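Results of the structural survey
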Amino acid sequence: MTNINKAKEALASADAIIVGASNGLSIAEGYNIFADNEMFRSQFGDFREKYGIRSVLQGCFFDYPTEEERQRWNDRIVKYWITDYKTTDVMKNLRRIVGDKPCFIVTTNADTHLELSGFDPVNVWELEGTFTTGITDHIRTDKQQQFNDFIARYADKRVVILELGIGSRNTLIKQPLMKLAAQLPRCTYITLNLPHELHITGEISDKSIAIPGDIATTLQELSPL
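So, how was this worked out
Residues numbered from 1 in each chain as written. Predicted model: local features only at pLDDT ≥ 70, side-chain atom pairs only at ≥ 80, totals over all residues. Heavy atoms only, no water. Core = buried A, V, L, I, M, F, W, Y, C linked by side-chain atoms within 4.5 Å. Buried < 20%, exposed > 50% of the residue type's maximum accessible area, 1.4 Å probe, protein only. Helix = DSSP H or I, 4+ residues; strand = E, 2+ residues; numbered from the N terminus. Patch = residues over 30% accessible without salt bridge, like charges linked within 9 Å, V, L, I, M, F, W, Y side chains within 5 Å. Areas by Shrake-Rupley, 256 points an atom, 1.4 Å probe, with all protein chains shown as cover. Salt bridge = Lys/Arg side-chain N within 4 Å of Asp/Glu carboxyl O. Contact = heavy atoms within 4.5 Å. Pairing = 2+ DSSP bridges. Axes fitted to C-alpha atoms, helices over the stretch in contact; angles between N-to-C directions. Left-handed = near helix turned anticlockwise from the far one by under 90°. Nonpolar A, V, L, I, M, F, W, Y, C, P; charged D, E, K, R; others polar. Phe/Tyr/Trp six-rings, centres within 6.5 Å; stacked < 30°, edge-to-face > 60°. Lys NZ or Arg CZ within 6 Å of the ring centre and 35° of its normal. 1 Å grid on protein atoms, 1.4 Å probe; cavity = no way out; pocket = protein on both sides within 12 Å on 5 of 7 lines; lining within 4 Å. Points joined across faces, edges and corners; volume = space filled by probe spheres on them.

The subject of this paragraph is the nonpolar core. The biggest cluster of nonpolar side chains holds 47 residues, and the ones touching the most others in it are V56 and I190. For this core, the element with the most residues is helix α6 (residues 89-98), which contributes 5 residues. Core analysis: the next-biggest nonpolar cluster, separate from the first, contains 23 residues, V106, I161, I166 and Y189 among them.

Here is the structure:
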């Protein structure tokens, strides 16, 4: 059985799904916070020329000379990355994969595309804030308790942790989720990423499925429709 088929089987039989998502998911959608690409230049070319900003990430943390300029940046990112956002095939496939199963999402993505694509905002925890609320480090809210309650509710059930585009050395989401997978007796850990970013600890190797490649393609392959 291929890893795709193993993953589809685990997802189909899951009682609950925990999604961990980082920049790789947004990049699969075509939104790259690190890139000085055509999209960035078309949306933020004036900031690029005026301040030498070369990426959305740099623009979000840039030391603007006035609050008006910072607000102008904030308004621009909200317009192009949130207000004008249309649900992509990547998110449509993720929705199909989750289906009507209980789901909780932990993410460092600030674009709110998960909620905009139909996932319940109550069960989406943006660890570092959003473009609308402001990006700060390690925001802690009542989402922690909600996540703990979700884990407790399904601790003895068949849980799938679906990791999407999280760097191999990520300590904010990946390492805690791998530790959680080790603790949950009936958990399957599925990780989707580029080959050089795939990483699974030996502790959970027997309950893990690693699928290298483009996340957009893999999600389409995993989609039940």
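Before going further, it helps to spend a moment on a nonpolar patch on the surface. A surface patch of nonpolar side chains, amounting to about 370 Å² of accessible area, comprises I27, F34, L57 and F61. Mapping F34 onto the fold places it in the loop between α2 (23-29) and α3 (38-51).

The next thing to look at is the environment of E221. Relative to the helices and strands, E221 resides in helix α10 (residues 215-222). Exposure remark for E221: the relative accessible area of 41% places this residue in the partly exposed category. Along the primary structure E221 and I97 are separated by 124 residues, whereas in three dimensions their C-alpha atoms are 10.0 Å apart. Excluding anything up to four places from it in sequence, E221 contacts I4 and K8.

This next bit is on the sheet that holds strand β2 (residues 103-107). Overall, parallel pairing links the 6 strands, which are arranged β3-β2-β1-β6-β7-β8 in an open sheet. Across the chains shown, the open sheet's two edge strands, defined by having one partner strand only, are β3 (124-126) and β8 (208-212). Taken pair by pair, the neighbouring strands of this sheet meet at an average axis angle of 15 degrees, ignoring direction. Pairing of β2 with β3 involves 3 bridges; the strand directions are parallel. Within β3, the position partnered with T107 by the bridge is E126. Along the sheet, helix α9 (residues 174-183) contacts β1 (16-21), β6 (159-164) and β7 (187-193); its crossing angle with β7, the most-contacted strand, is approximately 150 degrees.

What follows deals with the packing of α6 against α10. The interhelical angle for the contact between α6 and α10, taken along N-to-C directions, is 35 degrees, at an axis separation of 9 Å. Viewed along their axes, α6 and α10 form a crossing whose handedness is left-handed. For the pair α6 and α10, the contacting residues are V90, N93, L94 and I97 in the first and A216, L219, Q220 and L222 in the second. Partitioned by chemical class, the residues of the contact of α6 with α10 number 6 nonpolar, 2 polar and no charged.

Counted according to the given criterion, the structure contains 10 salt bridges. With a closest N to O distance of 3.3 Å, K50 and E69 form a salt bridge. Of this pair, K50 sits in helix α3 while E69 sits in helix α5 (residues 67-83), placing them 19 residues apart in sequence. You can call K50 exposed: its relative accessible area is 55%. Here E69 falls in the buried class, since its relative accessible area comes to 11%.

By the definition in use, this model includes 17 aromatic pairs. With a centroid separation of 5.0 Å and an interplanar angle of 75 degrees, the aromatic rings of Y31 and W81 are classed as edge-to-face. Residue Y31 is located in the loop between α2 and α3, and its partner W81 is located in helix α5; the two are separated by 50 residues in the primary sequence. The two residues Y31 and W81 agree in class, both being buried. Ring centres 5.3 Å apart and planes at 50 degrees place the aromatic pair Y51 and F62 in the tilted group. Residue Y51 is found in helix α3, and its partner F62 is found in the loop between α4 (56-60) and α5; the two are separated by 11 residues along the sequence. On the accessibility criterion, Y51 (18% relative accessible area) is buried. The rings of F40, F44, F47, Y51, F62, Y64, W73 and Y80 are connected pair by pair, giving a single aromatic cluster. We note R95 situated over the ring of F119; from NZ or CZ to the ring centre the distance is 5.3 Å.

Considered as a void within the structure, the largest pocket measures approximately 410 Å³ in volume. N23, I33, F34, T108 and E128 are, among the 24 residues lining the largest pocket, the residues nearest its centre. Counting only elements with at least two residues in the lining of the largest pocket, the list comes to α2 and α4. Broken down by element, the residue count for the lining of the largest pocket peaks at 4 residues, all from α2. Taken together, the residues of the lining of the largest pocket sort by class into 12 nonpolar, 9 polar and 3 charged. Taken as a whole, the second largest pocket holds about 240 Å³ of empty space. Lining the second largest pocket are 15 residues, and of these Q144, F147, L172, P176 and L177 sit closest to its centre. Every element with two or more residues in the lining of the second largest pocket is listed here: α8 (143-154) and α9. Ranked by the residues each element gives to the lining of the second largest pocket, the list is headed by α9, at 5 residues.

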